[in-house]
Structures are given as structure tokens and as C-alpha cells.
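# Examining the three-dimensional arrangement
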Amino acid sequence: MDLKSSSVNEMESIQSSILQKSKVAVITGANAGLGFTLADRLLSFYPDIQICLACRNKERGLTAAAALTEKHPKANVHVEILDTSSVASVLSGTEAIRKRYDHIDYLYLNAGIMKVTGVDWNYFWKGLLSSRVFYMFATGEGLLCQEDGVTEDGLQCVFQTNVFGHYVMVKELEDRLGNVSSTEQKPSQIIWTSSSASQAKNFKIEDFQHKNGKDPYSSSKFAIDILSVALNEKMNKQNVFSHSVCPGLVMTNMTYGILPQWFWTLMIPLLWLLHFFVPSMTNNTENGTEALIWLSAQDPMTLDPQTKYMSHVNVFNKSYVAKSKMNINPELAEKFIQELDQLNNSFQLKLKSKVKN
């Protein structure tokens, strides 16, 4: 081997070693909104971090990656196609992620949907002129008329996209989380994007897919909180820690798509007024990602798994992180993760059967 070839091999080995030691963040729903801003801020805080944008749309994912590398020329950004509403897509996407990365420091489970058909205007006008106005805008409780559907996998769409698809991801990436090296103790964080709309009254373990309820989004977000607590019980021993985050009311394309443009034009003055009284009115993605970024800098072993971390803003629009106790029943958490394991196992058996045939 000549010196030139030797030098190239050595450089490749050094680069590979550097990549193995640098932090890795996988973000679902990363091509826009909170996910995109999160990736941008992570690259600012950790210039050497490797970012995996797990997106269901390849074109949008590549556009997002190009925008990130234009702003951060030395950034290491990769796009992986992964749609949490499809078990097959999650399995193929996680297989590719496992081949690319030997460890994952941050698994941001951010993708989500909320199918809104309209507004309960009667509730809106009554709430607007009552003491419930702050609660109504902070949680959306009773304000939005929602619908759900069924995926190609035969599951409720909101449940599979927001909850189950992410759980399958965790299971498939388990050997890339936590103590992946016998010589180094590296904690990994699973960080869920939950919501203030998470309400226990909208979740029933007997109907965890929320086939019969009227608020599938709220149910899915409470399911996320339950699952986060349950994962700590299962995975803390392997140095994996799970936490829930509420980004507040963030104005993204998804938010604007819920209601007509004229409505938001009328509401802007009220939203800014509420901003002085409701700390969770974060409005923009920069403020909304505050708790997500804050968690990346914490020692997860010192954090309470029963605490939800909230992105808030003060009257001067300065963002900060607040804490909210969840008090999830451990028995409910254990029961729920058992149900998800059974569901996951059934899909694994179906897919193995298809491969054999």
C-alpha cells in the first residue's frame, strides 16, 4: 500500500471515529414546524451533532436538510423516510437508521397529526365570554371538532401516527439506545412531544386506540405521557430515560391548517393579549422548542419521569421551562405497555408470515 492510500485510509478511520463519538439525534416529523426548528437549534448548540430527519415525505425531507446545511455548512444531516402511520415504513426506516448509527443520544418522537373538521362555535363564544377562556385556548378542550380514520394497518390513524408508530421505533432501535458500548456509559434520552391537551378523561385503557371517543388527539397525547412513564420502568437500567414535553400553543402550518385564514387574522390580537396571561402561548417554534432543547443539556438520571416539561414564555416573550406533575398510575402504565407489546408482536408475526410466503 502506498503512502497516499495509507493516508486516505487513516483519515477515513479518524473521521469514522469522530462520527462514532459525536452525538446523534433522530427526529420524527422534522421537515417543518417544531421538528425543523429543533434540528436547527441542536446544530447551533452542538455543532458536531449528527442529525437524522425521519420524515414521511422524501422531497420535503431533502428540502429541510438543504436548508439546514445552508445555514450550518459543516452540519451532518441525513434524511430517512419513515412514516409512523405505517408499521412497514417504521421497520424499513429504523433498519436503515440502525445501519447508519451505532448509537442514538436523542430520540425525539415529535411527529403527530390532529384531524379537525371545524370549530364548536357555540362553545367558542360561550368560552370567550367566560372564565374558561384561558383554559380553552391553553388546551383546546371542547373547542375543536375532530375526526379519525383507519390506516392501512387497520389501526386508528391518530393513535398509530402519534403513539404506536413511535413505540415500534423505540423497540426497533433499542440496541442503539443507552449502554451500547461495554467501555462507556452513555445515557440516551427519548423525548416525546406531548401537549397540554393531554387529558386523562379522554383516555380509556379498554379503548386505547380511541375508536369510540370524540377527542382522539387528547387521548393520544395522554397515551404518550403514560408510555413515557412506562418506558422508564422498562429501560432505565440500560441507561435510557424517557420524558414528555409540552411545546405550548405554537403557530405552525398544522395549526394554521386547522381553521380558515380569516379566523387567525381576527384572532391575532386576542392571542397576543392572552400571551400576557397564559405562559403556554409560545406562538412560535423557537419558543416552543425551549423544553426540547433544555432536556438535551440535562443529566436525565436527575429528572423525575413523572414530570412533564413545558415550554413557556414570560410577558417579555422570553422563553423558559416550567414543570408539571403528571401523576400517571404505574399500574396503568404497565398495562398499557403490555397492550402495545401484544399489538407489536402481532404485526411482527404477520410480517414474518408474509416474508415466508
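Residues numbered from 1 in each chain as written. Predicted model: local features only at pLDDT ≥ 70, side-chain atom pairs only at ≥ 80, totals over all residues. Heavy atoms only, no water.

The protein chain is annotated in an unreviewed UniProt entry as 3-keto-steroid reductase/17-beta-hydroxysteroid dehydrogenase 7 of Biomphalaria glabrata. Taken verbatim from the UniProt record of the protein chain, the Sequence similarities (unreviewed entry) comment is "Belongs to the short-chain dehydrogenases/reductases (SDR) family. ERG27 subfamily." Quoted straight from UniProt, the Subunit (unreviewed entry) entry for the protein chain says "Binds to the short form of prolactin receptor." (UniProt positions renumbered as here; feature names shortened; annotations may be inferred.)

### Quick look at the nonpolar core
Residues Leu107, Phe164, Ile190, Leu227, Leu231 and Phe336 are the most contacted members of the largest nonpolar core, which totals 46 residues. Elements supplying a minimum of two residues to this core: β1 (24-28), β2 (50-55), α4 (87-100), β4 (106-109), α7 (157-172), β7 (188-193), α8 (216-235) and α13 (330-356). With nine residues, α8 is the single largest residue contributor to this core. Not counting chain neighbours up to four residues away, the residues in contact with Phe164 comprise Val87, Leu155, Phe159, Leu340, Leu343, Asn344 and Phe347. Core analysis: the second largest hydrophobic core is formed by 28 residues, Ala39, Val79, Tyr106 and Leu303 among them. (Core = buried A, V, L, I, M, F, W, Y, C linked by side-chain atoms within 4.5 Å. Buried < 20%, exposed > 50% of the residue type's maximum accessible area, 1.4 Å probe, protein only. Helix = DSSP H or I, 4+ residues; strand = E, 2+ residues; numbered from the N terminus. Contact = heavy atoms within 4.5 Å.)

### Considering the packing of aromatic side chains
Within the structure shown, the criterion is met by nine aromatic pairs. With 6.1 Å between their ring centres and 15 degrees between their planes, Phe159 and Phe164 make a pair best called stacked. Judged by relative accessible area, which is 3%, Phe159 ranks as buried. Put simply, the rings of Phe159, Phe164, Phe203, Phe208, Phe222, Phe336 and Phe347 touch in pairs and so form one group of aromatic residues. For the cation-ring pair, Lys23 lies above Tyr46, with the distance from its terminal atom to the ring centre recorded as 5.8 Å. Here Lys350 stacks its cationic end above the ring of Phe347, 5.1 Å away from the centre of that ring. (Phe/Tyr/Trp six-rings, centres within 6.5 Å; stacked < 30°, edge-to-face > 60°. Lys NZ or Arg CZ within 6 Å of the ring centre and 35° of its normal.)

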